[in-house]
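These are the residues of each chain, in order.
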Amino acid sequence: MINKRRGNILHGILLIALFSLSAFFIADFEWVKDLSLSPLIVGIILGTLYANSLRNYIPDTWVPGIKFCTKQILRTGIVLYGFRLTLQQVYAVGLPAFLIDCIVICGTIGIGITLGKLLKMDSDTALMTSTGSAICGAAAILGAEPVVKCEAHKTAVAVSTVVIFGTISMFLYPLLYRSGILNLSPEQMAIYTGSTLHEVAHVVGAGNAMDASGALRIADQATITKMIRVMMLAPVLVIMSFVLMKTRKKNQNGSQTKGKITIPWFAFGFLGVIVLNSFAGDYVPKEIYGNLISGINGIDTFLLTMAMTALGTDTSIKKFKQAGAKPFCLAALLYIWLLLGGYILVKTIV
């Protein structure tokens, strides 16, 4: 019986792995690269297509394997994501970028929660959408999912809003910069881009479009500023866990229930990996360590793609209709805040 259950779990995992391999293949197409759609995003699209077509033809016994991808594999992917960051990167950019990132993250989440209440939105969807806009897009939403413990389709809705507005930004920012509408120096534009764009891929794409030769170092500085935001994912998740514990103490009848803190241990693993990555290179030959990190990042991207794909498999058109236009309205309002608020912060602080 146990072996049969393990076999069913394995079937579900293999199904998601197959979709993820397809996502990597599709993400390698030139027109997909031009849109800066990472394998993670392609994966959730494939998962959503599966949910609305073949889902009824797959045995329900495979579902535990799919759920495994949205839990254990997801958390492993978030921990390994720390190998993309170092403490030295934070120091290189300096205090202004760090300060702006802090204000953007706190402001975006706070504004998002407030607007969600005004729009009478589902609180989980509002929080997930705000977190994705505030920190690092889909990766932040994936990180918040185990803490918020929302339904998979709400996670997918939040990811879709990030993809839409992040993609718009990737083309809009270079246009605004080259036209002179954004009256910013190269350094200011780099910090503005890194502190307000959604996905890391969008930051890299926009930075290269503004400075193709790399002479102004816009792409480099923008990416490091973005990575500082990514680094803040761990403390945000811990704070979020404590806040949710307090707000969820009351049940629907208004009586007190025992609050349970969901400690996101994987967030501490994420921070630990960042510290390890910051100093391990000093004790390992540079070429060997570089190849090792490259391999780990490749594995990590695949794990995160599996998690995204698995979340997509629980996202039907019916559930999107149930979510309505409010999440996209919220994401649009947050986008306006990032554009205008981020600009004012950069002009004031940098």
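Residues numbered from 1 in each chain as written. Predicted model: local features only at pLDDT ≥ 70, side-chain atom pairs only at ≥ 80, totals over all residues. Heavy atoms only, no water.

### Focus on the overall build of the chain
Selection rule: The helix count covers DSSP runs of H or I at least four residues long, the strand count covers runs of E at least two residues long, and both are numbered beginning at the N terminus. With the radius of gyration taken over C-alpha atoms, the globule rule is written as 2.2 Å times the number of residues to the power 0.38. Partly exposed describes any residue whose relative accessible area lies between the buried limit of under 20% and the exposed limit of over 50%, with all areas from a 1.4 Å probe on protein chains only and scaled to the type maximum. In this analysis, two residues are considered to be in contact whenever any of their non-hydrogen atoms come within 4.5 Å of each other. Only the protein chains shown count as covering a residue, and every accessible area follows the Shrake-Rupley method with a 1.4 Å probe. Here the positive residues are Lys and Arg and the negative ones are Asp and Glu; neither His nor the chain ends is included. Charge positions come from single atoms, namely NZ of Lys, CZ of Arg, CG of Asp or CD of Glu.
Of the regular secondary structure elements, the chain holds 17 helices and zero strands. A compact globule built from 350 residues would reach a C-alpha radius of gyration of about 20 Å, and the chain, at 20 Å, matches this within 12%. In terms of its C-alpha atoms, the chain occupies a principal-axis envelope of roughly 65 × 55 × 40 Å. Residue burial in the chain is summarised as follows: out of 350 residues, 52% are buried. Put simply, 81% of the contacts in the chain that link residues at least 6 apart link residues at least 24 apart. Summed over its atoms, the accessible surface of the chain is roughly 16500 Å², and 67% of this surface lies on carbon and sulfur atoms. Here the chain holds 29 positive side-chain charges and 17 negative ones, and the gap between their average locations is 14 Å.

### Notes on the pattern of salt bridges
In plain terms, the rule: Take a side-chain nitrogen of Lys or Arg and a carboxyl oxygen of Asp or Glu: if they are within 4 Å of each other, that pair is a salt bridge.
Scanning the entire structure with this criterion turns up five salt bridges. A salt bridge links Asp-122 to Lys-154; the shortest N-O distance between them is 3.1 Å. Here Asp-122 is found in the loop between α6 (95-118) and α7 (123-134), whereas its partner Lys-154 is found in helix α9 (residues 152-179), with 32 residues between them in sequence. Across the pair Glu-151 and Lys-154 runs a salt bridge, and its minimum N-O distance is 3.4 Å. Residues joined by salt bridges that share partners form a network here, namely Asp-28, Glu-30 and Lys-33.

### Description of the layout of surface pockets
As a reminder, the rule being used: In this analysis a 1.4 Å probe is tested at points of a 1 Å grid over the protein atoms alone, and where it fits but cannot get out there is a cavity; an open set with protein on both sides within 12 Å along at least five of seven lines is a pocket; lining residues have an atom within 4 Å of a point. Grid points are joined across faces, edges and corners, and a volume is the space filled by probe spheres set on the points. Nonpolar residues are Ala, Val, Leu, Ile, Met, Phe, Trp, Tyr, Cys and Pro. Charged residues are Asp, Glu, Lys and Arg, and all others, Gly as well, are polar.
Reported here for the largest pocket is a volume of approximately 590 Å³. Taken together, the residues of the lining of the largest pocket sort by class into 15 nonpolar, three polar and three charged. The volume enclosed by the second largest pocket comes to roughly 420 Å³. If one sorts the elements of the lining of the second largest pocket by residue count, helix α11 (residues 200-210) sits on top with four residues. The residue makeup of the lining of the second largest pocket, split by class, is 13 nonpolar, four polar and four charged.

### With respect to α6
So the rule is basically this: Under the convention used throughout, the expected extent of a helix is 1.5 Å for every residue step, that is, one less than its residue count.
The end-to-end C-alpha distance of α6, which contains 24 residues, comes to 34 Å, matching closely the 34 Å that a straight helix rising 1.5 Å per residue would cover. Those residues of α6 not exposed but buried are Ala-97, Ile-100, Asp-101, Val-104, Ile-105, Gly-107, Thr-108, Ile-109, Gly-112, Leu-115 and Gly-116. Where the residues of α6 are buried, they touch α5 (87-93), α7, α10 (186-196), α12 (218-231), α13 (233-247) and α17 (326-349). Of the residues one or two after α6, Lys-120 is the one with positive phi, at around 55 degrees.

### A word on the packing of aromatic side chains
What describes a pair of aromatic rings is the distance from one ring centre to the other and the angle between the planes of the rings. Our working definition: Paired rings are identified among Phe, Tyr and Trp, the last through its six-membered ring, by centres lying within 6.5 Å, and are further divided according to the angle between planes into stacked (under 30 degrees), edge-to-face (over 60) and tilted (the rest).
By the definition in use, this model includes six aromatic pairs. Ring centres of Tyr-192 and Tyr-343 lie 6.2 Å apart, and the angle between their planes is 85 degrees; on these two criteria the pair is classed as edge-to-face. With a gap of 151 residues between them, Tyr-192 in helix α10 and Tyr-343 in helix α17 connect regions that are remote in the sequence. With relative accessibility at 1%, the residue Tyr-192 sits in the buried group. For Tyr-343, a relative accessible area of 22% gives the class partly exposed. By the ring-pair criterion, three or more aromatic residues cluster together here, those being Tyr-173, Tyr-192 and Tyr-343.

### Remarks on the packing of α6 against α12
Note the cut-off: Between N-to-C directions, angles cover 0 to 180 degrees, with each direction set by a line fitted to C-alpha atoms, over the stretch in contact for helices. Each angle is binned into one of four classes, with values under 35 degrees roughly parallel, values over 145 roughly antiparallel, values of 65 to 115 roughly perpendicular, and all other values oblique. What makes a crossing left-handed is the near helix being turned counterclockwise from the far one by less than a right angle; a clockwise turn instead makes it right-handed.
Their axes nearest at 10 Å, the elements α6 and α12 cross at an angle of 50 degrees. Classified by the interaxial angle, the pair formed by α6 and α12 is oblique. Between α6 and α12 the crossing geometry is right-handed. Packed against α6, whose contacting residues are Ala-97, Phe-98, Asp-101 and Ile-105, the element α12 presents Thr-225, Ile-228 and Arg-229 at the interface. A breakdown of the residues in the contact of α6 with α12 according to their chemical character gives four nonpolar, one polar and two charged.

### A short note on unusual backbone geometry
One non-glycine residue, Lys-120, lies in positive phi territory at about 55 degrees. With respect to the element layout, Lys-120 can be found in the loop between α6 and α7.

### Description of α13
Between the first and last C-alpha of α13 there are 21 Å, a value that for 15 residues agrees with the 21 Å anticipated at 1.5 Å per step. For α13, the full list of buried residues reads Leu-233, Ala-234, Val-236, Leu-237, Val-238, Met-240, Ser-241, Leu-244 and Met-245. At its buried positions, α13 is contacted by α6, α7, α8 (138-148), α12 and α14 (265-280).

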